[in-house]
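What the coordinates show
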Amino acid sequence: MKTRQAVNRGGKGTTVEMKRFLCMISLFFFTVFLTGCAETTVNVHRHLFKPDIPASVAGLYKGKQIDLYQVVNLDKKTHSWTYYNPAKTVAYKASVSLEYYVMDCFRDAFWSVGMGVLYQTPETNVPDMELIIDSWTDVEFKFSVLVKKNDVLSYKNQFVVTMPALETNDTAKLEKNAYTMMNKAVVAVLSDKKFLEALK
């Protein structure tokens, strides 16, 4: 029985079976690269994040407008869609890039308190918000928030949200903890009176 051949430009024959094997190996190493050899992978989804903002804070923002202009990730220890615990044994993989995951969580939280949320609007009277991810693990989320109006910086602050380390591989508990961290991040921003003043 003859082996099927796939001929490359140089005219050298490569078996179809070998090509399939090489594709599988490449896919394996690509997956390992994305997860960082983590033992546990936790999938986090933006649509499953349910903001829980204290009423005393939420009531201050009804009717306010903001332009969620952009989110920038400066943490080189993360990957495009994934952040980790400090030991990199647990990988938290978002269904979109980390920038869009954070942006969508903040957008939904802002909506939940009655804010009007725009995206890169040309209207100059709406404050622009930029969020910068400085560093991110499952026990510490450090990020900076900048607000500009008419291209003038009116607010800048860095936040550090901490969470207790969970000694578990239960993905359901770890996923819930991830959403709790994101909620704490939103509450920290909304609780800052100077942030509120920057939206006037």
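See the structure shown above.
These numbers were taken from a predicted model, which means no experiment stands behind them.

Looking now at the pairing of strand β9 (residues 140-149). Here strand β8 (residues 128-136) pairs with β9 via eight bridges, running antiparallel. The residue bridging Glu-130 from the neighbouring strand is Leu-146, located in β9. Linking β8 back to β9 in an antiparallel pair, the connection comprises three residues. Relative to strand β10 (residues 152-162), β9 runs antiparallel, the two sharing 10 bridges. The residue of β10 that forms the bridge with Ser-144 is Gln-158.

With that settled, the discussion passes to the pattern of salt bridges. On inspection of all chains with the given rule, the structure shows three salt bridges. Arg-107 is the partner of Asp-108 in a salt bridge, and the nearest nitrogen-oxygen pair spans 3.1 Å. Within this structure, Arg-46, Asp-104, Arg-107 and Asp-108 form a network of salt bridges that share partners.

This part covers the environment of Gly-114. Mapped onto the elements, Gly-114 comes out in the loop between α3 (98-112) and β7 (116-118). On the basis of relative accessibility, which here comes to 35%, the residue Gly-114 falls in the partly exposed class. Through-space distance from the C-alpha of Gly-114 to that of Lys-64 is 7.5 Å; in sequence the pair is 50 residues apart. Excluding anything up to four places from it in sequence, Gly-114 contacts Tyr-61, Lys-62 and Gly-63.

How each quantity is defined
Residues numbered from 1 in each chain as written. Predicted model: local features only at pLDDT ≥ 70, side-chain atom pairs only at ≥ 80, totals over all residues. Heavy atoms only, no water. Pairing = 2+ DSSP bridges. Helix = DSSP H or I, 4+ residues; strand = E, 2+ residues; numbered from the N terminus. Salt bridge = Lys/Arg side-chain N within 4 Å of Asp/Glu carboxyl O. Buried < 20%, exposed > 50% of the residue type's maximum accessible area, 1.4 Å probe, protein only. Contact = heavy atoms within 4.5 Å.

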